[in-house]
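Notes for the structure review
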Amino acid sequence: MIIGWDWRGVGDWPASLDELAAGARRVELSRAELAGADKWEPLLQGHRGEARAGFVPLAQLAQFRRGIATGANGFFLLNAQKVADLGIDPARCLPCVGRATAVRGLIWRGGGDGLLLNLSDPLMPAEAAYVAQGEAQGLPSRYILAHRQPWYGMEQRAVAPIWGAVFARGALRFIHNAAGWSSLTCFHGIYPFSDDPLLHQALVLCLNCDSVRAASRLHGRVYGGGLNKFEPNDLKGLMVPDLRLADRALLAEMAAHLALLDAAPEDEARRQRADELAEEAASRG
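Note that this is a predicted model, so its numbers are computed, not measured.

Considering the pairing of strand β6 (residues 93-97)
Judged from the 3 bridges that link them, β6 and strand β7 (residues 115-117) form a sheet pairing that is antiparallel. Bridge pairing in β7 links P95 to L115. Bridging between β6 and strand β11 (residues 182-183) involves 2 bridges; their strand directions are parallel. Counted as the bridge partner of V97 is S183 from β11.

Here it is in structure tokens:
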């Protein structure tokens, strides 16, 4: 038997083992449990994979991919004025979010003027001139670009209906990509198996519910200062209501409530109602 402590204190780390033992959760674990676990933090917090009725792993509802890796964000992600100054046709670009901080709330309806170059041969004269600037800067020798042919050809990603932030302090944040934009690696793309927009919005509501948000902390990697990082595979085990069993009326109500929560994400009554709707969806299972 192995004894562990899960420290949930605020501020400085405990100064001694006695202080740790007094202020932390004491957990007894077997070597077999630790050896068979992908991550130890859920076990230290007392979670041993108990399944809740009506909830399923997110991997049963969706698949996941990281955002677009450009290899040189400053070269490929431009604003509308820069594209115009270069003489490049905006149709040769994709509307794209480059920073998670650019997205407020839970629904992305577009905004700003991030344009991601999406060039392909043959290049127009203005494009060829800009590519030549990149070559003069030595960009083709960068690791990612050196393995891409041609080096200026952008990595292709289908637009993800849902985004999950890569970094978070605390719980993971999920966004409904209503504008249909691309994103760089600041977000992971979540691709539901269903193409129903109502289910997409209902799923975003569930993923931002307090109970699911609290559980998401168990799936990331914790860095200094409490910063959590989430990889695409970390999303697979998040437990969410099985929305495949929810009727259209409930999905529509959840989608409508997502808009209300987006307008006031810290409103306690709206957060409580979101939890209630998620529980109602789970009860259909």
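Having seen the model, we can carry on.
Remarks on the pattern of salt bridges
Within the structure shown, the criterion is met by 9 salt bridges. The salt bridge partner of R109 is D262, with a shortest N-O separation of 3.0 Å. Pair noted here: R109 is in the loop between β6 and β7 and D262 is in helix α10 (residues 248-263), with a separation of 153 residues, a long-range link. Two residues, R273 and E276, come together in a salt bridge whose shortest N-O distance is 3.2 Å. On the criterion of helical spacing, the pair formed by R273 and E276 is a turn pair, its members being 3 residues apart in helix α11 (residues 268-283).

Observations concerning unusual backbone geometry
Cis rather than trans, the peptide bond between D121 and P122 has omega equal to 0 degrees. Within the secondary structure layout, P122 lies in the loop between β7 and α6 (125-136). A cis amide bond, omega -10 degrees, links Q149 with the succeeding residue P150. Of note, P150 is situated in the loop between α7 (143-146) and β8 (162-165).

Notes on helix α8 (residues 197-207)
Residues spaced three or four apart along an α-helix face the same direction, because each turn holds 3.6 residues. Within α8, 9 of the 11 residues are buried, which leaves the element mostly enclosed by the surrounding structure. Within the span of α8, buried status applies to L199, H200, Q201, A202, L203, V204, L205, C206 and L207. Of the residues that open α8, the one with a side-chain oxygen 3.0 Å from the backbone nitrogen of L198 is D196.

A word on the nonpolar core
If you look at the biggest cluster of nonpolar residues, it comprises 46 residues, and the most contacted ones within it are W163, L243 and M254. When residues of this core are traced back to their parent elements, those giving at least two are β4 (62-66), β8, β10 (174-176), β12 (187-192), α8, α10 and α11. Top contributing element to this core by residue count: α8, with 7 residues. If near-sequence neighbours (up to four positions away) are discounted, L243 is found in contact with L61, L199, A202, L203, C206, L251, M254 and A281. Ranked by size, the runner-up nonpolar core spans 22 residues in total, among them A72, L117, L145 and M154.

Rules of the game
Residues numbered from 1 in each chain as written. Predicted model: local features only at pLDDT ≥ 70, side-chain atom pairs only at ≥ 80, totals over all residues. Heavy atoms only, no water. Pairing = 2+ DSSP bridges. Helix = DSSP H or I, 4+ residues; strand = E, 2+ residues; numbered from the N terminus. Salt bridge = Lys/Arg side-chain N within 4 Å of Asp/Glu carboxyl O. Buried < 20%, exposed > 50% of the residue type's maximum accessible area, 1.4 Å probe, protein only. Polar contact = N/O pair within 3.5 Å; in protein donor to acceptor, adjacent residues only side chain to side chain. Core = buried A, V, L, I, M, F, W, Y, C linked by side-chain atoms within 4.5 Å. Contact = heavy atoms within 4.5 Å.

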